[in-house]
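Residue strings, one per chain:
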Amino acid sequence: MSELKIDTRLWSSKARNLSPYVPGEQPKHDNLCKLNTNENPFPPSPKVGEAIAKVLEQQASDLRLYPAPESDDLRGALAKIYDLDTSQVFVGNGSDEVLALVFASFFLKERPLLAPDISYSFYPVYAQTFGVHLVKIPLEEDFSIDPDAYRQPCSGIIIANPNAPTGLLLSLADIRKLASEHTNAVIVIDEAYIDFAMTKEGDKETQVSAVSLINEYDNILVTQTFSKSRSLAGLRVGMAFGSASLIEALTRMKNSFNSFPLDKLAQAGATASVLDTDYFEQMREQVIDLRQSLTAELTTLDYNVLPSHANFVFARPKEGNASAVASALREQGIIVRHFNKPRINEYLRITVGTAEQNQRLITALKALEANAEVATI
Ligand SMILES: Cc1ncc(COP(=O)(O)O)c(C=O)c1O
């Protein structure tokens, strides 16, 4: 096929100057071990397929009608599990869309938006798209977040928690501190991976979602997604939780852009997923267990693995040759993510796979190490 020639003369300068986000690749080879985009290795609840089939089979003619614009059933189901009012819940086409609406709703002000220098790489893209002034606050040497570093006037703060790609968790105490020190700013906690995060006190494990703070702090907005812990990246459903006033701003923005972001199938499938709490708990625990065994195996291979609270690990091979390791793995059909960026270019972000996938990765890494030893003899 000849190369497509793009003529940009009719484009607006805005379109010309964008630097779009580049998602992790989705290759379609057989026998690929895909550990690069933090999808869940397990299928979604069987109830999801049943609910979607019901819409298709029994109510096919309903597809000629528009879906519920405010996704009331889904928002109601989410409100119930978090013990919130439906007015405190917003849903959108993936949390990426929810985040885009967040940028447009809250951060277009003279005061800057603050975000960690190493975080989800879509934030700078949204900042550029919406003309938001983004100031990056460096993570500490150990990649942790120091809330005191955020003490400056701002329109908002956005933090992925657990952070991506490090997997490190910010405590609820630190989130409280940010919210109370910035009462005239919106504190957005992007909890794409929070369902895999727990803290341990003695034998007791507790969950750490900032959703538990939103009745106390009307400036905290929490975003989450169905893409990771609910195995529904392909359905595109994300949500936000916050005060009714913050949610109303998002709803106004949505209805000035696309009134129907969630189709009927997505609404039905996502609602069924929320209602199947047993399946959700089972899958979440399985991924957490697999993360722990993957961390242990990588540590045995002398990788420096950051303590992950997500469904991926961020790990540095002992030689720091992450890029070479990623290329060698790729030759064997194993894809992990390498970011060629300052401070993190010696690390690999590896999605937690099934036990078999993790084993394939570890076996490949052991073979690489053995070959390297042979080469240096
Ligand atoms: C930190 C973070 N936030 C948001 C998203 C977007 O998730 P989605 O649009 O699939 O809901 C991702 C996806 O990888 C992510 O890593």
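Here is what the cut-offs are and how they apply
- Residues numbered from 1 in each chain as written.
- Predicted model: local features only at pLDDT ≥ 70, side-chain atom pairs only at ≥ 80, totals over all residues.
- Heavy atoms only, no water.
- Phe/Tyr/Trp six-rings, centres within 6.5 Å; stacked < 30°, edge-to-face > 60°.
- Buried < 20%, exposed > 50% of the residue type's maximum accessible area, 1.4 Å probe, protein only.
- Helix = DSSP H or I, 4+ residues; strand = E, 2+ residues; numbered from the N terminus.
- Pairing = 2+ DSSP bridges.
- 1 Å grid on protein atoms, 1.4 Å probe; cavity = no way out; pocket = protein on both sides within 12 Å on 5 of 7 lines; lining within 4 Å.
- Points joined across faces, edges and corners; volume = space filled by probe spheres on them.
- Axes fitted to C-alpha atoms, helices over the stretch in contact; angles between N-to-C directions.
- Parallel < 35°, antiparallel > 145°, perpendicular 65-115°, else oblique.
- Left-handed = near helix turned anticlockwise from the far one by under 90°.
- Contact = heavy atoms within 4.5 Å.
- Nonpolar A, V, L, I, M, F, W, Y, C, P; charged D, E, K, R; others polar.

Novice: How would you sum up the packing of aromatic side chains? Please name residues and give values.
Specialist: The description of an aromatic ring pair uses the distance of the two centres, along with the angle that the planes make with each other. Tallied over the entire structure, the rule returns 13 aromatic pairs. With a centroid separation of 5.5 Å and 90 degrees between ring planes, the pair formed by Tyr-120 and Tyr-123 is classed as edge-to-face. For Tyr-123, a relative accessible area of 1% puts it in the buried group. A centroid spacing of 6.4 Å and a plane angle of 75 degrees characterise the contact between Phe-143 and Phe-314, whose relative ring orientation is edge-to-face.

Novice: Quick one: what's the story with the pairing of strand S9 (residues 220-225), residue by residue and with numbers?
Specialist: Within S9, six of the six residues are buried, which leaves it mostly tucked inside the rest of the structure. The alternating pattern of S9 places Ile-220, Val-222 and Gln-224 and Leu-221, Thr-223 and Thr-225 on opposite faces, both of which are buried.

Novice: Describe the sheet that holds strand S11 (residues 304-305), listing the residues and the values that go with them.
Specialist: Read across the open sheet, the three strands follow the order S11-S12-S14; overall the sheet is antiparallel. If you trace the sheet from one side to the other, it starts and ends with S11 and strand S14 (348-351), each paired once. As judged from the two bridges shared by S11 and strand S12 (residues 312-316), these two strands associate in the antiparallel manner. Its bridge partner being in S12, Val-305 is matched across the sheet by Ala-315.

Novice: Give a detailed account of empty space enclosed by the protein, specifying residues and quantitative values.
Specialist: On inspection of all chains with the given rule, the structure shows one cavity of 30 Å³ or more. Space inside the largest cavity adds up to approximately 60 Å³. Together, Pro-43, Pro-44, Ser-45, Ser-229, Arg-230, Ser-231, Ser-273, Asp-276, Tyr-279, Phe-280 and Met-283 line the largest cavity. Counting residues per element, the lining of the largest cavity draws most heavily on helix H9 (residues 277-300), at three residues.

Novice: Requested: an account of the packing of helix H3 (residues 72-82) against helix H8 (residues 264-275), with residues and values cited.
Specialist: Interaxial distance between H3 and H8 falls to 9 Å at its minimum, and their mutual angle equals 15 degrees. Our classification of the angle between H3 and H8 gives roughly parallel. Every pair of crossing elements has a handedness; the one defined by H3 and H8 is left-handed. Contacts between H3 and H8 involve Asp-73, Leu-74, Ala-77, Leu-78 and Ile-81 from the first element and Gln-267, Ala-270, Thr-271, Val-274 and Leu-275 from the second. Among the residues making up the contact of H3 with H8, the classes are represented as seven nonpolar, two polar and one charged.

In short, geometric facts, not functional conclusions.
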